[in-house]
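The residues making up each chain are set out below.
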Amino acid sequence: MHALHARLGKNFDLAQRLIRYQKAIVEKPKTLRGSWCSWCCPCEQNEHGKFVQAAFEEVRLDLGCGKGNFTLEAARREPGVLFVGVDIEPLCIAIAAQKICDEKLSNVVVFCAHSSLLHEYFAQGELARIYLNFPTPFPRKKQARDRLVYLDNLLVYRDLLAKGAKLTFKTDSYPLMQFAKTQFVRAGYTCTWESDNARVERPDEPMSQYEEKLSEQGARVLAREYIVDALPAQISQVEKLSLVDYLPRDLSLMSYIPHGMQGTFINLINYEAKHNGKRLDSHGQPLQ
């Protein structure tokens, strides 16, 4: 989620940051496809006192890792797991890389990439888990394909997940969660756990920066965990794409406005007030 941008000092040099902390940044992730578990893992001594290349237990992907808060905390807790943070924003990658280098963590790396290209960086079945923590909602219909939970993206992820591996999705956005549920079904996933207040049910889990910020603003953490199941006989996108279509009919029932939809919500409320409770649909037309 990148709607909130960091304020940078006038002397902040992104290019220099990327170079300074390049140790934690994967420059050529395509060359590591299929070999992430052994790459960058510290050498260990075998029973004969010789150094050998060790291997991580598994590889997990934090997609849309932002500035790395969740990724780093998860890496601290499980040193035997390699955590890979991927984000489309170079600024986020630079900040996350600095944190990794400052803490001298050896089981977490980051790189900049678009979600649609993940199959170029990871082999089939290579990932033990994928985290989608508070991704940008992109509420408009024309932006739907940019959502990390859009059907096309979910089809990419399913090929990268190992058998029985989980995908965890968290958001503060009720309409995004409702839309996502339709997409996971169409992409052949089965839900194994769901919560509409995940921070209460799993209080000890690492927090992303946005989860922390939005929770302080009164957001409840909506969460779902999925595993890959059989593909449907037909795979097609026929769901409504605007998140407006997934809002409750009675907006007064919403005690919290999802991040990224504040402007839309205000416009809908104002329209209802002026037109005796009538509601606009995603095309800007009054609902019957």
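Just above sits the structure.
Residues numbered from 1 in each chain as written. Predicted model: local features only at pLDDT ≥ 70, side-chain atom pairs only at ≥ 80, totals over all residues. Heavy atoms only, no water.

**Description of unusual backbone geometry**
Piece 1. Notably, Phe 134 is not glycine yet its phi reads approximately 50 degrees, a positive angle.
Piece 2. Residue placement: Phe 134 occurs in the loop between β6 (127-133) and α4 (151-160).
Piece 3. Taking relative accessible area as the criterion, Phe 134 reaches 1% and is therefore assigned buried.
Piece 4. Non-glycine residue Phe 138 carries a positive phi angle of around 45 degrees.
Piece 5. Looking at the element boundaries, Phe 138 is found in the loop between β6 and α4.
Piece 6. By relative accessible area, Phe 138 is classed as partly exposed at 23%. (Helix = DSSP H or I, 4+ residues; strand = E, 2+ residues; numbered from the N terminus. Buried < 20%, exposed > 50% of the residue type's maximum accessible area, 1.4 Å probe, protein only.)

**Quick word on the sheet that holds strand β9 (residues 222-228)**
Piece 1. Reading across the sheet, the seven strands line up as β5-β4-β3-β6-β7-β9-β8 and stay open at both edges, with mixed pairing between neighbours. Only two strands of the sheet have a single neighbouring strand rather than two, namely β5 (108-112) and β8 (189-195). The mean angle between the axes of side-by-side strands here comes to 20 degrees, regardless of whether they run parallel or antiparallel. (Pairing = 2+ DSSP bridges. Axes fitted to C-alpha atoms, helices over the stretch in contact; angles between N-to-C directions.)

**Notes on the pairing of strand β3 (residues 58-63)**
Piece 1. In terms of burial, β3 is largely enclosed, as five of its six residues are buried.
Piece 2. The pairing of β3 with strand β4 (residues 81-87) spans six bridges and is parallel. Looking across to β4, one finds that Glu 58 is bridged to Val 81.

**Here we look at the packing of aromatic side chains**
Aromatic rings considered in pairs are described by the distance between their centres and by the relative angle of their planes.
Piece 1. According to the stated counting rule, one finds 11 aromatic pairs in the structure shown.
Piece 2. Where Phe 184 meets Tyr 226, the ring centres are 3.7 Å apart and the plane angle is 5 degrees; that geometry is what we call stacked. Of the two residues, Phe 184 is situated in helix α5 (residues 174-186) and Tyr 226 in strand β9; the sequence distance between them amounts to 42 residues.
Piece 3. Taking the relative accessible area as the measure of exposure, Tyr 226 reaches 4% and is therefore buried.
Piece 4. An aromatic cluster of at least three residues, connected via ring pairs, comprises Trp 36, Trp 39, Phe 111, Tyr 121 and Phe 122.
Piece 5. The aromatic ring of Phe 179 is capped on one face by Arg 147, whose charged end is 4.6 Å from the ring centroid.
Piece 6. When the ring centre of Trp 193 is taken as origin, the NZ or CZ atom of Arg 202, which lies over that ring, is 3.5 Å away. (Phe/Tyr/Trp six-rings, centres within 6.5 Å; stacked < 30°, edge-to-face > 60°. Lys NZ or Arg CZ within 6 Å of the ring centre and 35° of its normal.)

**Structural notes on helix α3 (residues 90-103)**
Piece 1. The end-to-end C-alpha distance of α3, which contains 14 residues, comes to 20 Å, matching closely the 20 Å that a straight helix rising 1.5 Å per residue would cover.
Piece 2. Of all the residues in α3, the buried ones are Leu 91, Cys 92, Ile 93, Ala 94, Ile 95, Ala 96, Ala 97 and Ile 100.
Piece 3. Where α3 is buried, its residues meet α1 (14-20), α2 (69-77), β4 and β5. (Expected span 1.5 Å × (residues − 1). Contact = heavy atoms within 4.5 Å.)

**Examining the side chain of Arg 158**
Piece 1. Mapped onto the fold, Arg 158 is located in helix α4.
Piece 2. Side-chain polar atoms of Arg 158 contact the backbone oxygen of Gly 188, separated by 3.1 Å.
Piece 3. When near neighbours in sequence (up to four residues on either side) are disregarded, Arg 158 contacts Ala 187, Gly 188, Tyr 189, Val 228, Asp 229, Ala 230 and Leu 231. (Polar contact = N/O pair within 3.5 Å; in protein donor to acceptor, adjacent residues only side chain to side chain.)

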